[in-house]
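# Observations on the three-dimensional arrangement
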Amino acid sequence: MPIREKITIRQFTLLTFLVMVGDMILIYPSLVTTLGKQDAWICSFLSQPIGLFIIWIFYKLYQTYPKLTLIEICQKLLGPWIGSVLSAGYLFYFAIGAAICIREVGDFMTTQIYFETPIRVILIMLMCVLIWGLINGLQTMGATSELLTPIVVVFMTLLFVGLLPKIDVSHLQPILSISWVHLIETVIRGSFTSFGELLVLIMILPYVMSGPHLKRDLLLATFCGGLLLCVLLLFSLMVVGPFLTQHNIFISYTLSQKINIGNFFERIEAFMATAWLIATYFKSLLYMFAFVIGLAQLFRLKTYKPLILPSSLLMFALAILISPNVIFYIETIMPSWVDWDITCSFIIPLLLLLVHRIRFGKNKGNQTHPERLPT
């Protein structure tokens, strides 16, 4: 077993919330408004039940083998060969997910704050903090989330309160003017770009202390995160309109620059950047943690610590190579990423549940508690 640490349900709930909002605080409004236009807020709210259903699928998959991570579940259900191939695919998914989050931090800092700073300098500084977090382990991540999550919530609340005088409801008109095809596509994009990426939690769930309210707290955390993103999108549309929301990938940061109450309460964009960096840091950290843990489990290693440095160097290289600029990221990566999320976060977990049902039957589904794979 490469890890023996445990975190509390409260710490897991806060980590779930941070991963849910993560980089979505800045890019979610732009992603959904691209197709939804002024009706994007409706599509966002409609996507919430679908997103909660996705989380329920994750929890059901975890319940089949409560002591195993996603990598071990694949090998247990599909055998050592096919399971290892699928596990490698998920490891690639985690690596690319971490690299994208890391690259987003670099692009944001170099285009909005530190204009003259090379992006590699920003990425190296972030990688040092990520490596430190991985070395300290899962318990430290959980404890730190208890300290930093209130900061994210307070700063987001300040953003919403400060934008209240800027609201113009006319920006939401005309209502339901987009086609049904675009409406459905926007709902799917809104659900899978935010909820689908919580697949990484299946790599964490076996290391959460048992309790009676794990499922409830998991769904509650994702619901709160989804509601925050819906409200953020609604405010963005009402303040700057659908056109600027669609074409500004960092629209939340732009919104914070518009706050000015009595020439006193203004210039809080630093608070917004801090909230986004905290949430994105934890999302990147858990994706990297899932990668190194999964790699150790795939190759039957006793500990994951020796994999931290080489994996971090790999993430750094991927963050540099994955996109030449922000435009390529918006136009090429994100549309394809939605399809990848649907495949990895919905289709494959459903197939794994189907295989489990065929092999063990309905009555044995929740009674099967296999031993952890040999290390």
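What counts, and where the lines are drawn
- Within each chain, residue numbers correspond to sequence positions counted from 1 in written order.
- The model is predicted, so local features are restricted to residues of pLDDT at least 70 and side-chain atom pairs to those at 80 or more, both for listing and for counting; the totals for chains, interfaces and linings are taken over all residues.
- In computing side-chain properties, one takes all heavy atoms of the structure into account and sets aside hydrogens as well as water.
- UniProt positions are given in the numbering used here, feature names are shortened, and annotations may be inferred rather than shown by experiment.
- The rule is short: rings of Phe, Tyr and Trp, with Trp giving its six-membered ring, pair when the centres are within 6.5 Å, and they are stacked under 30 degrees, edge-to-face over 60, tilted in between.
- Every helix listed is a DSSP run of H or I at least four residues long, and every strand listed is a run of E at least two residues long, numbered separately from the N terminus.
- Buried residues are those whose accessible area, probed at 1.4 Å on protein chains only, stays under 20% of the maximum for their type, while exposed residues exceed 50% and partly exposed ones sit between those limits.
- Nitrogen and oxygen atoms within 3.5 Å of one another constitute a polar contact, given that in protein one can donate a hydrogen and the other can accept it, and given that sequence-neighbouring residues count only through two side-chain atoms.
- Should any heavy atoms of two residues lie within 4.5 Å, those residues are considered in contact.
- The rule for a disulfide is simple: a pair of cysteine sulfur atoms within 2.5 Å.
- Salt bridges, as used here, are contacts in which a Lys or Arg side-chain nitrogen is within 4 Å of a carboxyl oxygen on Asp or Glu.
- In this description, a line fitted to the C-alpha atoms serves as the axis of each element, helices being fitted only across the stretch in contact, and the angle between N-to-C directions of two axes falls anywhere from 0 to 180 degrees.
- If an angle is under 35 degrees, it is roughly parallel; if it is over 145, roughly antiparallel; if it lies from 65 to 115, roughly perpendicular; otherwise it is oblique.
- Note: crossing handedness is left-handed where the near helix turns anticlockwise from the far helix by less than a right angle, and right-handed where it turns clockwise.
- Working rule for helices: expected span equals 1.5 Å times residues minus one.
- In this scheme, the bend at a residue equals the angle between the axes fitted to the seven residues that finish there and the seven that begin there.
- Buried Ala, Val, Leu, Ile, Met, Phe, Trp, Tyr and Cys residues form a nonpolar core when they are joined through side-chain atoms within 4.5 Å.

As named in an unreviewed UniProt entry, the protein chain is Spore gernimation protein, taken from Paenibacillus xylanivorans. You can read under Sequence similarities (unreviewed entry) in the UniProt record for the protein chain the words "Belongs to the amino acid-polyamine-organocation (APC) superfamily. Spore germination protein (SGP) (TC 2.A.3.9) family." Its UniProt record gives the protein chain the following Subcellular location (unreviewed entry) comment, quoted word for word: "Membrane".

## Thoughts on the packing of aromatic side chains
Each aromatic ring pair is summarised here by two numbers: the centre-to-centre distance and the angle between the ring planes. Scanning the model with the defined rule gives 20 aromatic pairs in all. Note on W41 and F45: the rings are 6.4 Å apart at their centroids and 85° apart in plane angle, and the pair reads as edge-to-face. Taken together, the residues W41 and F45, both in helix α3 (residues 40–64) and four residues apart, mark about one turn of the helix. Its relative accessible area of 32% is what places F45 among the partly exposed residues. Ring plane angle 10° and centroid distance 5.5 Å describe the contact between Y93 and W337, whose orientation is recorded as stacked.

## Looking at the side chain of S191
With respect to the helices and strands, the residue S191 is situated in helix α7 (residues 180–192). Only 2.9 Å separates the side chain of S191 from the backbone oxygen of I188, close enough to count as a polar contact. Look past the residues within four positions of S191 in its chain and what remains in contact with it is S47, I50, G51, I54 and G196.

## A few points about the state of the cysteines
Throughout the structure, instances matching the rule amount to zero disulfides. C43 takes part in no disulfide bond, and the closest cysteine sulfur to it belongs to C230, at a distance of 11 Å. As a non-bridged cysteine, C128 has C101 as the owner of its nearest cysteine sulfur, 18 Å distant.

## Notes on the pattern of salt bridges
The full count for this structure, using the stated rule, is five salt bridges. D23 is the salt-bridge partner of K283, the closest N and O atoms lying 2.8 Å from each other. Remark: D23 occurs in the loop between α1 (9–21) and α2 (24–36) and K283 occurs in helix α10 (residues 269–298); sequence separation between them is 260 residues. A residue is classified by how much of its surface remains accessible, and K283, at 1% relative accessible area, is buried. Taking the shortest distance from any N to any O, the salt bridge between K283 and E197 comes out at 2.2 Å. Remark: E197 occurs in the loop between α7 and α8 (214–247) and K283 occurs in helix α10; sequence separation between them is 86 residues. The residues K283 and E197 share a single accessibility class, namely buried. Within this structure, D23, E197 and K283 form a network of salt bridges that share partners.

## Looking at the packing of helix α5 (residues 119–136) against helix α11 (residues 308–321)
Where α5 contacts α11, the axes come no closer than 10 Å and their chain directions differ by 150°. Taken together, the axes of α5 and α11 lie roughly antiparallel to each other. Relative to α11, the crossing made by α5 is right-handed. For the pair α5 and α11, the contacting residues are R120, L123, I124, M127, I131, L134 and I135 in the first and I308, L309, S312, M315, F316, A319 and I320 in the second.

## Looking at the environment of V19
Within the secondary structure, V19 sits in helix α1. For V19, a relative accessible area of 1% translates into the label buried.

## Details of helix α6 (residues 138–163)
Taking 1.5 Å of rise per residue, the 26 residues of α6 would be expected to cover 38 Å, and the 37 Å separating its terminal C-alpha atoms lies within 8% of that figure. Along its length, α6 shows its largest kink, about 35°, at E146, and proline P150 lies within four residues downstream of that point. Those residues of α6 lying buried are L138, M141, G142, S145, T149, V152, F155, M156, L159, F160, G162 and L163.

## Some remarks on the nonpolar core
Judged by nonpolar contacts, the single largest core of 129 residues is most densely connected at L70, Y90 and F94. Considering each element in turn, this core owes the most residues, 20 residues, to α10. Other than its neighbours up to four places away in sequence, L70 contacts L61, Y90, F94, L199, I202, M203 and L352.

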